[in-house]
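Examination of the molecular architecture
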Protein chains: 2
Amino acid sequence: MARVQRDGGDDAEPTAELPAVRDQGPSAVNGRKVPMAADKVRSIPEAAVARLAVYLRVLSGMAEQGAVTVSSEELATAAGVNSAKLRKDLSYIGTYGTRGVGYEVDVLTVEIERVLGLTRQQKVAVVGIGNLGHALANYGGFPGRGFPVEALFDVDPDLIGIPVGGLPVNHIEDIPDICATRKIAIGVIATPPAAAQAVCDRLVEGGVHCVLNFAPVVLQVPGHVEVRKVDLAIELQILSFHVARNAEQRVSRRTAAARASSNGEVV
Amino acid sequence: MARVQRDGGDDAEPTAELPAVRDQGPSAVNGRKVPMAADKVRSIPEAAVARLAVYLRVLSGMAEQGAVTVSSEELATAAGVNSAKLRKDLSYIGTYGTRGVGYEVDVLTVEIERVLGLTRQQKVAVVGIGNLGHALANYGGFPGRGFPVEALFDVDPDLIGIPVGGLPVNHIEDIPDICATRKIAIGVIATPPAAAQAVCDRLVEGGVHCVLNFAPVVLQVPGHVEVRKVDLAIELQILSFHVARNAEQRVSRRTAAARASSNGEVV
DNA sequence: AGCCGCTTGTGAATGCGTGCACAAAATCCG
DNA sequence: CGGATTTTGTGCACGCATTCACAAGCGGCT
């Protein structure tokens, strides 16, 4: 049966609790610090993972400017969070800071990359070479390099074989085969909404476990598949909500002010 | 002073408490329903707003298929959430359901649209007419119509004046003027990261209160400006994290299985 | 009319994430 | 070498969001 798309919230997975992931001898092999992190990985909150990615980008910017160490305060303001949150986020992946000093930029970079799985390259396939798909394909390895685009798909016969961003477009029918043989890890869906579910099914069939969905539909996927969605319309509508809310507050403030002034009060 | 980008989480606003949203005559069928909702609007959790937008889309799909009423259960599964959450989300905007029956599709649609501020059209400007900006400009009023793109900007002199999606491209310098005169409500930043902050400042200068940022930078904006960001790289890295996590679990499960089998246990 | 079954709306409980505040640690300096 | 200073790491408390579970309410059926 098809499970429902998980979207930053419901954790009701069949992963159960499984508190016994760690090996029996807990302190048996204490020499290294890595195994602890390996245990901890499972417990990093999703929100923290997203922020880790932000820290990583900020760090790379700092490294370019020759920074060697960075304090939690600096890094936090640069990333737009408060320092306590940053430190807690970092504590999920281990303790790589030096008290009284800060963090070594390159150490932290490497550790975050490791936790995010960026040491291995994740191959990406883009499906739907329309306006958006075109843009994605031309991103060329995607920012931060580590996500090479290794397959493109579309239904349009006129597009098949045409190279986009240096890669020929294949037909959607070939998704399962090509994804399987090229070991695609992440599928990006940039098709019209009507086609998205079918495309997604083919991706899953091809062994893709992670999907980034730009189509405005709720995808149904088996439980082991991770879906993230990026939805333009929804982002705009959220902003619209804030516009409306602010306009409303402004109105009510104005009426309140009017009322107050008619009462002779000072605003 | 520049406030930091808020990003789906910190709600530390002066929203106060105001617990009782009074519940006078429920079935009193007071001619208007607007005022009550107007009070409530402020207290809708951000996460719920995002889901309301999803419900809206699902509802419009159902309306097209001729559905008149829908139960919370149906709507919930179609939207990929559980029904309790859906009902609570809807309860934030009022009580428009009929017990024992469900919700009228069109009533619910209208009410959600009203809360999200979609009754008024929000004018959009797109800055940065590269691959992505091109795609955005060609979206043509954006999905769900209600977000007309009314201005395009870029630095490239070769692009100035060229119509993209039926709209001429203006120079970035003119952002403040044009946004102000055309009453742009939402600015979309699709520039390279280096230019994003300057563009954002100009948008704010032009009176834009809401920004949708595609550039991989943390924007600094004054407190009254709402920023939402869509970051490809971060989405991919989050997926990458899940790939790594799953791979790891699979490995540890395998080693566990190996250990178990070597112990003669049955897995 | 009155009962029955169905579905909503919501109080209460639970869980999770955030922010605070402080102890622990490390460096620097006298 | 010891104290002052700085900054990390984290226990704790708070608040928000999710989920549960059930009473309230409505339509249909007899």
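Rules and cut-offs
Along each chain, the written sequence defines residue order, and numbers are assigned to residues from 1. Working convention: letters from A go to chains and numbers from 1 go to ligands, in the order in which they are written. This being a predicted model, a pLDDT of at least 70 is required before a residue's local features are given, and a value of 80 or more before pairs of side-chain atoms are given or counted; all residues contribute to the totals for chains, interfaces and linings. Where side-chain values are given, they derive from all heavy atoms of the structure, hydrogens and water being excluded. The helix count covers DSSP runs of H or I at least four residues long, the strand count covers runs of E at least two residues long, and both are numbered beginning at the N terminus. Partly exposed describes any residue whose relative accessible area lies between the buried limit of under 20% and the exposed limit of over 50%, with all areas from a 1.4 Å probe on protein chains only and scaled to the type maximum. For accessible areas, the Shrake-Rupley method is used with a probe of radius 1.4 Å. Any residue's cover is judged against the shown protein chains and nothing else. Axis angles are defined between N-to-C directions and span 0 to 180 degrees, where every axis is a line fitted to C-alpha atoms and, for a helix, only to the segment in contact. Note on terminology: angles under 35 degrees are roughly parallel, angles over 145 are roughly antiparallel, angles of 65 to 115 are roughly perpendicular, and the others are oblique. The contact rule is simple, with two residues in contact once any of their heavy atoms fall within 4.5 Å. Following the grouping adopted for this structure description, the nonpolar residues are Ala, Val, Leu, Ile, Met, Phe, Trp, Tyr, Cys and Pro, the charged ones are Asp, Glu, Lys and Arg, and the polar ones are all others, Gly among them. Each residue is tested against the molecule or strand, and it is near if at least one of its non-hydrogen atoms lies within 4 Å. Whenever two N or O atoms come within 3.5 Å, that pair is a polar contact, provided that in protein one can donate a hydrogen and the other can accept it, and provided that, for residues adjacent in sequence, both atoms are side-chain atoms. Here, a salt bridge means any Lys or Arg side-chain nitrogen found within 4 Å of an Asp or Glu carboxyl oxygen. For any pair of parts, buried area is found by adding up, for both, the accessible area (1.4 Å probe) each one loses once the two are put together. Two joining distances apply to patches: 9 Å for like charges and 5 Å for nonpolar side chains (Val, Leu, Ile, Met, Phe, Trp, Tyr), and every residue must have over 30% relative accessible area and no salt bridge. Under this rule, positive means Lys or Arg and negative means Asp or Glu; His and the chain ends count for nothing. Positions of charges follow a simple convention, taking NZ of Lys, CZ of Arg, CG of Asp or CD of Glu. Here the copies were fitted onto each other by least squares, based on C-alpha atoms from residues at pLDDT of at least 70 in both. Whether two strands pair depends on DSSP finding at least two bridges between them. pLDDT measures the predictor's confidence residue by residue and takes values from 0 up to 100.

So, about the overall build of chain A. Secondary structure assignment for chain A yields nine helices and twelve strands. A total of 267 residues make up chain A; the buried ones form 44% of that total. Put simply, chain A shows about 13300 Å² of open surface, and 54% of that area lies on carbon and sulfur atoms.

Residue and element names in this part refer to chain A. It is at 8 Å that the axes of helix H3 (residues 72–79) and helix H4 (residues 83–93) come closest, and there the two elements cross at 105 degrees. Taken together, H3 and H4 sit at an angle that is classed as roughly perpendicular. Contacts from Ser72, Glu73, Leu75 and Ala76 in H3 reach Ser83, Leu86 and Arg87 in H4. Tallied by class, residues from the contact of H3 with H4 come to three nonpolar, two polar and two charged.

Next up on the list: the protein's contact with DNA strand D. Every one of the 28 residues lining DNA strand D counts as a neighbour, but Ser72 and Tyr103 of chain A together with Arg51, Lys85 and Arg99 of chain B are closest to it. For DNA strand D, the fraction of atoms within 4 Å of the protein that belong to sugar or phosphate moieties is 65%. Between Ser72 of chain A and DNA strand D, the recorded distance is 2.5 Å, taken from a backbone N or O atom to a phosphate oxygen. Here Arg87 of chain B contributes a side-chain N or O atom positioned 3.5 Å from a base nitrogen of DNA strand D. Tallying contributions element by element places helix H4 (residues 83–93) of chain B first for the surface near DNA strand D, with four residues. Taken together, the residues of the surface near DNA strand D break down into seven nonpolar, eleven polar and ten charged.

Another point: the pattern of salt bridges. Evaluated as defined, the whole model comprises twelve salt bridges over all chains. Residue Glu111 of chain A is joined to Arg114 of chain A by a salt bridge in which the shortest nitrogen-to-oxygen separation is 2.5 Å. Linking Glu111 of chain A with Arg114 of chain A, this pair stays in helix H5 (residues 105–115), spanning three residues, or about one helical turn. According to the relative accessible area criterion, Arg114 of chain A is partly exposed, its value standing at 29%. The residue Glu235 of chain B makes a salt bridge to Arg228 of chain A at a minimum N-O spacing of 2.4 Å. Of this pair, Glu235 of chain B sits in helix H9 (residues 232–262) while Arg228 of chain A is found in strand E12 (residues 226–229), placing the two residues in two different chains.

As for its position among the elements, Ser240 of chain A is in helix H9 (residues 232–262). Among the polar contacts made by the side chain of Ser240 of chain A, one reaches the side chain of Gln122 of chain B at a distance of 3.3 Å. Once residues lying within four places of it in the same chain are set aside, the contact partners of Ser240 of chain A are Leu116, Gly117, Leu118, Gln122, Phe147 and Ile186 of chain B.

Listed as interface residues are 65 residues of chain A and, on the opposing side, 65 residues of chain B. With both chains or domains summed, chain A and chain B bury close to 6100 Å², and 67% of this area falls on carbon and sulfur atoms. Where chain A packs against chain B, one counts four salt bridges. When residues of the side of chain A that touches chain B are traced back to their parent elements, those giving at least two are helix H2 (46–64), H3, helix H6 (131–138), strand E10 (210–213), E12 and H9 of chain A.

Now for the protein's contact with DNA strand C. Looking at DNA strand C, there are 25 residues lining it, with Lys85 and Arg99 of chain A together with Ser72, Arg87 and Tyr103 of chain B nearest. The protein-proximal atoms of DNA strand C, defined as those within 4 Å of the protein, are 68% sugar or phosphate. The separation between a phosphate oxygen of DNA strand C and a polar side-chain atom of Asn82 of chain A is 3.3 Å. A distance of 3.3 Å separates a phosphate oxygen of DNA strand C from a polar atom in the side chain of Lys85 of chain A. Among the elements of the structure, H2 and H4 of chain A together with H4, strand E3 (97–98) and strand E4 (102–104) of chain B are those that each provide at least two residues to the surface near DNA strand C. Per element, the largest residue contribution to the surface near DNA strand C is four residues, and it comes from H4 of chain A. Its residues assigned to classes, the surface near DNA strand C comprises seven nonpolar, ten polar and eight charged.

Our next topic: a negative patch on the surface. Side chains of Asp174, Asp177, Asp201 and Glu205 of chain A sit close together on the surface and give a patch of like negative charge. Examined against the element boundaries, Glu205 of chain A turns out to sit in helix H8 (residues 193–205).

The next point concerns the relation of the copies chain A and chain B. Each of the two chain copies can be generated from the other by rotation about an axis followed by a shift along it. For the pair chain A and chain B, the best superposition has an RMSD of 0.1 Å and corresponds to a rotation of 180 degrees with a translation of 0.0 Å parallel to the axis. Here the copies are linked by what is in effect a two-fold axis. In this assembly the copies share their binding face: 95% of the residues contributing to the interface of chain A also contribute to that of chain B.

Walk down a regular strand and you will see the side chains alternate between the two sheet faces. Residue and element names in this part refer to chain B. Residues Ile186 and Val188 line one face of strand E9 (residues 186–189) and the alternating positions Gly187 and Ile189 line the opposite face, and both faces are buried. As judged from the four bridges shared by strand E5 (residues 124–127) and E9, these two strands associate in the parallel manner. Directly across from Val127, in E9, lies its bridge partner Ile189. When E9 meets strand E10 (residues 210–213), the two strands line up parallel, connected through four bridges.

All names here are of chain A. For chain A, the average pLDDT comes to 83, and 78% of its residues sit at 70 or higher. Ranking the elements of chain A by mean pLDDT puts strand E1 (residues 3–4) last, at 42, and helix H7 (residues 175–181) first, at 98. Confidence drops under pLDDT 50 across residues 1–39; counting only partners more than four residues distant or on other chains, this segment forms 38 contacts.

Structurally, Gly94 of chain B is set in the loop between H4 and E3. Placed 18 residues apart in sequence, Gly94 of chain B and Ile112 of chain B show a C-alpha to C-alpha distance of 9.8 Å.

Residues and elements named next belong to chain A. With antiparallel pairing, the three strands of this open sheet are ordered in space as E2-E4-E3. With partners counted over all chains shown, the strands left at the sheet margins are strand E2 (69–70) and strand E3 (97–98), one partner each. Of the pairings in the sheet, the one linking E2 to strand E4 (residues 102–104) comprises two bridges and is antiparallel in character. Residue pairing for E4: Thr69 is matched across the bridge by Glu104.

Residue and element names in this part refer to chain B. Ordered in space as E2-E4-E3, the three strands form an open sheet in which the pairing is antiparallel. The outermost strands of the open sheet, each flanked by one partner alone, are strand E2 (69–70) and E3. Sheet topology places E3 next to E4; two bridges connect them, and they run antiparallel. Looking at the pairing, Gly97 lines up with Tyr103 of E4.

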